[in-house]
Amino acid sequence: GAGKSAEPPVSMPSPKESVVWNSFRGTADVVRLSRSSRRRLRRTQTYLCGAQSKSREEEKNGDVDKSISKTGMDESVGLSPNEGEANALKRSIQLTKDDFLGMEIVGQFNLGFILARCRNNHLWILDQHACDEIFNFERLCKTTVIHEQKLIAPLPLELSFSEEHTILENIKVFEQNGFRFSYNRENPPRHRLALTALPHSGTGRDGKKAVQFGKEDVGALCSLLGAYGNISSVYEGGGAGYGTGADGSGMHGNNAVRRIVAQSRSGVGSGSIVGSNRSSIVRLPKAIAMFASRACRSSIMVGTALSHKEMEDVVRKMYDVDEPWNCPHGRPTMRHVRGLLDCLLEDSCTALEHVAGPSLAVMSQDFET
């Protein structure tokens, strides 16, 4: 009911509870440490047995975890092609952005991938480059200020009624993208707006290729905002304003622009930014291509060795990403490997079997306390 807080998920005993065998003063210390070690192993085994029973019961009943939000990613686990759809739903593994905050880092694989365990005891493999790239891409899209280049004289525009109305209604969006306009009421409709400043991305001397913007990009932005007419109609088929090379040029396009513009038109994202954050700035296709290229080049590369802290930072940052499941170019950021519950339970039983058998006196102390 209202006012009731969600029950916190049951988690495994913390590694911090592990017994540290160090110097000891006598037999009493050895007995105490041995008893603590056995108790920790028993708690771990009890937790794993309970989790395994719950998992099998849910699998038997075909239940799906109702606590998973719609912002998560589904991943089928070990299903052969001939298994039915009902069975696939039954064994659906789901991950949400909240899970990134509690993931335990297992290690790095092949200098390019991070292995991590989620709170539900599933093993995930994350692409370190793709994860860092999508974080940098969204950061650039949200925080980059497009500089303006003032024109010597206003550049008249011949617009449709729809385009002129769209610009006036979304003037802040155009200003955020580096466009400035003058408005003359004396002119007839469709001819009242003129460009006074265009966006520019620098000179290229800093190693970042400069992107050229023009009045055709006004039409590209009008098209993204739903206008139609003289300029924006050029972009329905992917015209010059939809140049999608690393510098915004090119005829064939790249995945970042194709994916994000297509999703913006289908209502998946906010403007031309993929994500659930509706405060994101609508960006030009040229800018998207530019940000995707810069995010790729500045991200952690495959072949880079990472410390435990660095791997943890990469995983934790995914929580702050609106759409963390793919990089800007469509490359998956993570994949499910397998469930670890059976393996962990088997290891726990083996560990208990190999613990040195205590004397009757020690065992009696365990049960007394």
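Reading the values: the criteria
- Residues numbered from 1 in each chain as written.
- Predicted model: local features only at pLDDT ≥ 70, side-chain atom pairs only at ≥ 80, totals over all residues.
- Heavy atoms only, no water.
- Salt bridge = Lys/Arg side-chain N within 4 Å of Asp/Glu carboxyl O.
- Buried < 20%, exposed > 50% of the residue type's maximum accessible area, 1.4 Å probe, protein only.
- Helix = DSSP H or I, 4+ residues; strand = E, 2+ residues; numbered from the N terminus.
- Pairing = 2+ DSSP bridges.
- Expected span 1.5 Å × (residues − 1).

A. Fine view of the pattern of salt bridges. With the rule as written, the count across this model stands at 13 salt bridges. Notably, a salt bridge pairs E175 with R180, separated by 3.3 Å at the nearest N-O pair. Residue class for E175 comes out partly exposed when judged on its relative accessible area of 31%. By relative accessible area, which is 31% here, R180 ends up partly exposed. K286 serves as the salt-bridge partner of E216, at 4.0 Å between the closest nitrogen and oxygen. Highlighted residues: E216 in helix α7 (residues 216-224) and K286 in helix α9 (residues 285-298), separated in sequence by 70 residues. Connected through salt bridges with shared partners, the residues E138, K142 and D322 form a single ionic network.

B. Up close: the pairing of strand β5 (residues 122-127). In terms of burial, β5 is a largely internal element, five of the six residues being buried. Relative to β5, strand β4 (residues 113-117) runs antiparallel, the two being bridged by five bridges. Paired with R117 across the bridge in β5 is L123. The sheet contact formed by β5 and strand β9 (residues 334-339) spans five bridges and is antiparallel.

C. Spotlight on the environment of P199. As for its placement among the helices and strands, P199 is situated in strand β8 (residues 193-200). Residue P199 is classed as buried on the basis of its relative accessible area of 2%.

D. View of α9. Spanning 14 residues, α9 covers 20 Å between terminal C-alpha atoms, matching the ideal 20 Å at 1.5 Å per step. Most of α9 sits out of view: ten of its 14 residues are buried.

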